[in-house]
Structures are given as structure tokens and as C-alpha cells.
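Residue-level listing of the chains:
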Amino acid sequence: MKYLLVVYVSLLTTACFAQQKQYVFLLKNSGERVHTPDSMDYIRVVKGPNADSKLYNVAEYYPSGKPKSVGQSSVIDPILLEGVYTTYWPNGTVKTTADYQHNKIHGDISDFFRNGQLHSVTNYTQPDSTVKDELAKQPAIYFKTCNDSTGKALLVNGNGYYVAYDDSSLTVTEEGNVKEGKRVGEWNGTDVKEKMTYKEIYDTTGTLISGTSTGLDGIHTYKIRYVSAQYKGGAKE
């Protein structure tokens, strides 16, 4: 914690004397803003745009002082990501790298294991903002690559088996077959935070036929899958 205080004071001093104005935020992992280094989980530093850009430069740091993330935002607070955004594991290795448009992933996102091995590459294509149909609002997802932590290929060129893991426990959070970049057959998953499991059935074109989620509030069925960390099992009917 002493190191945290030194980093915090250093950042405040830099903010006072640097020509490029910067803003320092102390945050919890939940995103809640706190006022003392003792209470924070990480530091966010937002610096004014470069001379040739309108985007603010954003950097976040773990309590150890190692980088947590780096990217750019169209506004100071809350940040709205634009362009390449890279996150890091606490040990300093790259965790994810992705391209953002209007705070949404647009293009490839590459995920890495803590040991530096590539886990997966997935492509996201966001729908037109004017689309009103709920199903059409979901981004088109194409699974390109998936490996295990030793580098063994599970999914190559859009065909094979996809496995996702929880960051903390490393338990499997989602798995299923992939054909031509799309989910096919039966997929099973677990949302650790929501204490929920789900099973989904896809046809050969990657269209969701049915989904069933089981959690603390009972069993629910759905036909639309929401790509969301809060509720990966889809929309309740």
C-alpha cells in the first residue's frame, strides 16, 4: 500500500506540473470511485488528447504499479473506448487486445492466458445503430481460433471446439462446437457471478434454436442470446 501512495502522489504531482492536463481516478473493480488509495483496486489516468487527435489517452494501473490497461476514450469520465484497447494480467503479460468503436468491440479481439499463450481470436461485427429488431441488434460473432493453455489448437480457421474460462477460478464458463466460425449443436455454460448455468442448441447455420438457463430464480427459456457479461444466458421469456 505504501507503493500505491507513492504512485498516487506522483501522478497528482505530474498532473499539476505537466502541460498536458490529466485526470486521476481511484476505482474499485466494480467501477465505483473512491477517495483514498487504501480503498482502491486500481488507478485510472486520463490525459488530454494529442495534438493530432480528439481522443483522450487512458491508462490504468494495478496496486503493484504494473499496467492494467491502455487505450483511448472520446470522453474523460466515464470512458467511452475508441480504437485499440489493451488489457494486462497482474503479472504484466497481455490479457486482451481489441478494437473499439463507440465503446463496443468492432473487429477482432484476442485473448491470452496468464502465461502469454494465445487463447482465442474472435471477430465482432456490430449491427447498424438504427436496427430495432432485438435479434438483429446482437453483434455477429465469428470464432476464428481457440487454444488451450499449452498452445494446443482446439479451433482452427473457424472450425473445431471453443472453450472459455473464468479469469479467477479458471473453471470452464462456456464450451461447444464451432463450424465455419459459428456455434453449432449443443453449447453449455456457467455464469459464475450470477450463479447460473445454461444450455443452448444451435442449428447448422449458427442460429439459436433454444436456450435454457438455471439459476437462483429458477429455470428460464429463451431464444435470443444477449452478449453480456451480466447475463450470458440470454433474455428470459
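What counts, and at which threshold
- Residues numbered from 1 in each chain as written.
- Predicted model: local features only at pLDDT ≥ 70, side-chain atom pairs only at ≥ 80, totals over all residues.
- Heavy atoms only, no water.
- Helix = DSSP H or I, 4+ residues; strand = E, 2+ residues; numbered from the N terminus.
- Buried < 20%, exposed > 50% of the residue type's maximum accessible area, 1.4 Å probe, protein only.
- Contact = heavy atoms within 4.5 Å.
- Areas by Shrake-Rupley, 256 points an atom, 1.4 Å probe, with all protein chains shown as cover.
- Core = buried A, V, L, I, M, F, W, Y, C linked by side-chain atoms within 4.5 Å.
- Salt bridge = Lys/Arg side-chain N within 4 Å of Asp/Glu carboxyl O.

## Quick word on the overall build of the protein
Part 1: Counting its secondary structure elements, the protein contains 1 helix and 17 strands.
Part 2: Taking all 237 residues of the protein together, the buried fraction comes to 35%.
Part 3: Sequence separation of 24 or more characterises 23% of the internal contacts of the protein that already satisfy a separation of 6 or more.
Part 4: By element, 54% of the accessible surface of the protein is carried by carbon and sulfur atoms, the whole surface being about 13600 Å².

## Structural notes on the environment of P127
Part 1: The residue P127 is located in the loop between strand 9 (118–125) and strand 10 (140–147) in this model.
Part 2: For the pair P127 and A140, spaced 13 residues apart in the sequence, the C-alpha separation amounts to 7.6 Å.

## A closer look at the nonpolar core
Part 1: Ranked by size, the top nonpolar core spans 26 residues in total, and within it Y100, I105, F143, L155, Y162, V178 and W187 carry the most contacts.
Part 2: Among the elements of the structure, strand 1 (22–27), strand 3 (42–47), strand 7 (94–101), strand 8 (104–112), strand 10, strand 12 (159–165) and strand 15 (196–202) are those that each provide at least two residues to this core.
Part 3: Beyond its immediate chain neighbours, meaning those up to four positions away, L155 contacts F143, K144, T145, C146, G160, Y161, Y162 and V178.
Part 4: Core analysis: the next-biggest nonpolar cluster, separate from the first, contains 5 residues, L26, M40, I43 and V45 among them.

## Some words on the pattern of salt bridges
Part 1: Considering all chains together, one arrives at 7 salt bridges under this definition.
Part 2: The salt bridge partner of K144 is D108, with a shortest N-O separation of 2.9 Å. Separated by 36 residues along the polypeptide, K144 in strand 10 and D108 in strand 8 bring together distant segments of the chain.
Part 3: A salt bridge links R225 to E174, with the shortest nitrogen-to-oxygen separation between them at 2.6 Å. Note that R225 is positioned in the segment after strand 17 (218–222) and E174 in strand 13 (residues 172–179), a separation of 51 residues in sequence. Like E174, R225 is buried.
Part 4: Bridged by salt links that share partners, the residues E174, R183, E200 and R225 form one connected network.

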